[in-house]
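# Chain and residue survey
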Amino acid sequence: MSSNSTLNVGTEPESTSMECAVPAPTVLPQIQAPQRVAPSDARELSKQFLLRLQELDEGTPEYQYARNTLIEMNLSLVRYVARRFSSRRESTEDVLQVGTIGLIKAIDRYDPSRDVEFTTLAVPYIQGEIKRFFRDTTWSVRVPRRLQELRIDLARAREELEGEGSHEPSVADLAARLDMDEGEVSEGLVASNGYDSDSIDRPIQAGGKQQTGLVADLIGTEDPALALAEDVQALKTHLAKLDDRERTLLQLRFGEEMTQSEIGKELGLSQMHVSRLLTRACTTLRKGLLAET
């Protein structure tokens, strides 16, 4: 009995010492207004919240509190990065919302074990999300990302060449500066036209504020006479294959616009005979033209 009692007593302290070796969970401070926390304080608090976030189960109230507080405390980072894009035409609210998505991604993917400052990870995430937003929404015509980036390189090369006092840079000049193929440069220049668009009803400005018409007035239209000229040229070779009487009939009917009866009287033929001759001539010409197409 005494040996059993001694064994029980000896084992109890071992169990107690192991329980004491487990560190107590970190208790996060309750922050009532996270967005008002100074950036310097937010940096230190973020370390504590990020470490605790790794220990918590996703979906628990404490996890949601830690994550939401981290987002609100670091919104100043989003505003800092967004100021770099203040010259853009897009709404500041939209840019901040997109930047916040980048911040959330940085929080979810941050690994404290790598011993890297959170801001070092967060800023590129925020900036990348904002750039992606501009790339996907600001182009009037969607073009491949390769051509979107080429537009920036072309603009920089053009600015450098013009700064050196050269004339308007040609495709060859730009290709030489960027060490690229001229065909690729031409493709980039064409794609650059899709970056921005404007209404064809926009007034044309000339001489300051003077309005001289609309952009639509400058857009050319197809001249119907061009198609007629093409048809005439195509007919010439086939008309030469007709005999003199058939060409005369066509000239009287379609050139001088005479009726079949008038042509018959002119040539001493019946109206029925004139009709058959004209039909045969037109059929010959039609078959010749269709054979070319």
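Use the structure listed above.
These numbers come from a predicted model, not from an experiment.

Another point: the side chain of His-238. Mapped onto the fold, His-238 is located in helix α10 (residues 224-239). Those residues in contact with His-238 that lie beyond four places of it in its chain are Leu-285, Gly-288, Leu-289 and Glu-292.

There is a patch of like negative charges on the surface, built from Glu-222, Asp-223, Glu-230 and Asp-231. Tracing the sequence through the fold places Glu-222 in the loop between β2 (211-214) and α10. Given a relative accessible area of 66%, Glu-222 falls into the exposed group.

A word on the packing of helix α7 (residues 145-163) against helix α9 (residues 182-192). Put simply, α7 and α9 touch, their axes get as near as 9 Å, and they point 100° apart. Between α7 and α9, the interaxial angle falls into the category roughly perpendicular. Judged by residue contacts, Arg-146, Leu-147, Leu-150, Arg-151, Leu-154 and Arg-158 of α7 engage Glu-184, Val-185, Glu-187, Gly-188, Leu-189, Ala-191 and Ser-192 from α9. Taken together, the residues of the contact of α7 with α9 break down into six nonpolar, two polar and five charged.

Judged by nonpolar contacts, the single largest core of 33 residues is most densely connected at Phe-49, Leu-103, Ile-107, Phe-118 and Ile-130. Those elements that provide at least two residues to this core are α2 (39-55), α3 (61-73), α4 (75-82), α5 (92-109) and α6 (118-137). A per-element tally of this core places α6 first, with seven residues. Residues within four places of Ile-130 in sequence aside, it is in contact with Val-81, Ala-82, Phe-85, Val-95, Val-98 and Gly-99. Membership of the second largest hydrophobic core comes to 11 residues, among which are Leu-249, Leu-250, Met-258 and Leu-278.

Applying the stated rule across the entire model yields two aromatic pairs. Ring centres of Phe-49 and Tyr-65 lie 5.9 Å apart, and the angle between their planes is 55°; this geometry places the pair in the tilted category. With Phe-49 in helix α2 and Tyr-65 in helix α3, this residue pair connects regions lying 16 residues apart in the sequence. Between Tyr-110 and Phe-118 the ring centres are 5.6 Å apart and the planes differ by 85°, which places this aromatic pair in the edge-to-face class. Residue classification places Tyr-110 among the buried residues on the basis of a relative accessible area of 11%.

Contact pair α10 / helix α13 (residues 271-292): the axes reach a minimum separation of 10 Å and the direction vectors enclose 120°. In terms of orientation, α10 and α13 fall into the oblique class. The interaxial crossing formed by α10 with α13 has right-handed handedness. From α10, Ala-234, Leu-235, Thr-237, His-238 and Leu-239 reach across to α13, where they touch Leu-285, Gly-288, Leu-289 and Glu-292.

Counted according to the given criterion, the structure contains 15 salt bridges. Where Glu-187 meets Arg-146, a salt bridge forms, and the shortest distance between an N and an O atom there is 3.5 Å. Separated by 41 residues along the polypeptide, Glu-187 in helix α9 and Arg-146 in helix α7 bring together distant segments of the chain. With a closest N to O distance of 2.5 Å, Asp-244 and Arg-247 form a salt bridge. Residue Asp-244 and its partner Arg-247 are located together in helix α11 (residues 244-255), separated by three residues, close to a single helical turn. A residue is classified by how much of its surface remains accessible, and Asp-244, at 55% relative accessible area, is exposed. The class for Arg-247 is partly exposed, based on a relative accessible area of 32%. In the salt-bridge network here, residues are joined through shared partners; they are Glu-44, Lys-47 and Glu-117.

Next up on the list: α4. Turning to α4, its buried residues number three or more, namely Leu-75, Leu-77, Val-78, Val-81 and Ala-82. Across the axial projection of α4, the buried residues extend over an arc of 150°, all falling on one side.

Each value, and the rule that gives it
- Residues numbered from 1 in each chain as written.
- Predicted model: local features only at pLDDT ≥ 70, side-chain atom pairs only at ≥ 80, totals over all residues.
- Heavy atoms only, no water.
- Helix = DSSP H or I, 4+ residues; strand = E, 2+ residues; numbered from the N terminus.
- Contact = heavy atoms within 4.5 Å.
- Patch = residues over 30% accessible without salt bridge, like charges linked within 9 Å, V, L, I, M, F, W, Y side chains within 5 Å.
- Areas by Shrake-Rupley, 256 points an atom, 1.4 Å probe, with all protein chains shown as cover.
- Salt bridge = Lys/Arg side-chain N within 4 Å of Asp/Glu carboxyl O.
- Lys, Arg positive; Asp, Glu negative; His and termini not counted.
- Charge placed at Lys NZ, Arg CZ, Asp CG, Glu CD.
- Buried < 20%, exposed > 50% of the residue type's maximum accessible area, 1.4 Å probe, protein only.
- Axes fitted to C-alpha atoms, helices over the stretch in contact; angles between N-to-C directions.
- Parallel < 35°, antiparallel > 145°, perpendicular 65-115°, else oblique.
- Nonpolar A, V, L, I, M, F, W, Y, C, P; charged D, E, K, R; others polar.
- Core = buried A, V, L, I, M, F, W, Y, C linked by side-chain atoms within 4.5 Å.
- Phe/Tyr/Trp six-rings, centres within 6.5 Å; stacked < 30°, edge-to-face > 60°.
- Left-handed = near helix turned anticlockwise from the far one by under 90°.
- Arc of directions from axis to C-beta.

By themselves, these figures tell us nothing about what the structure is for.
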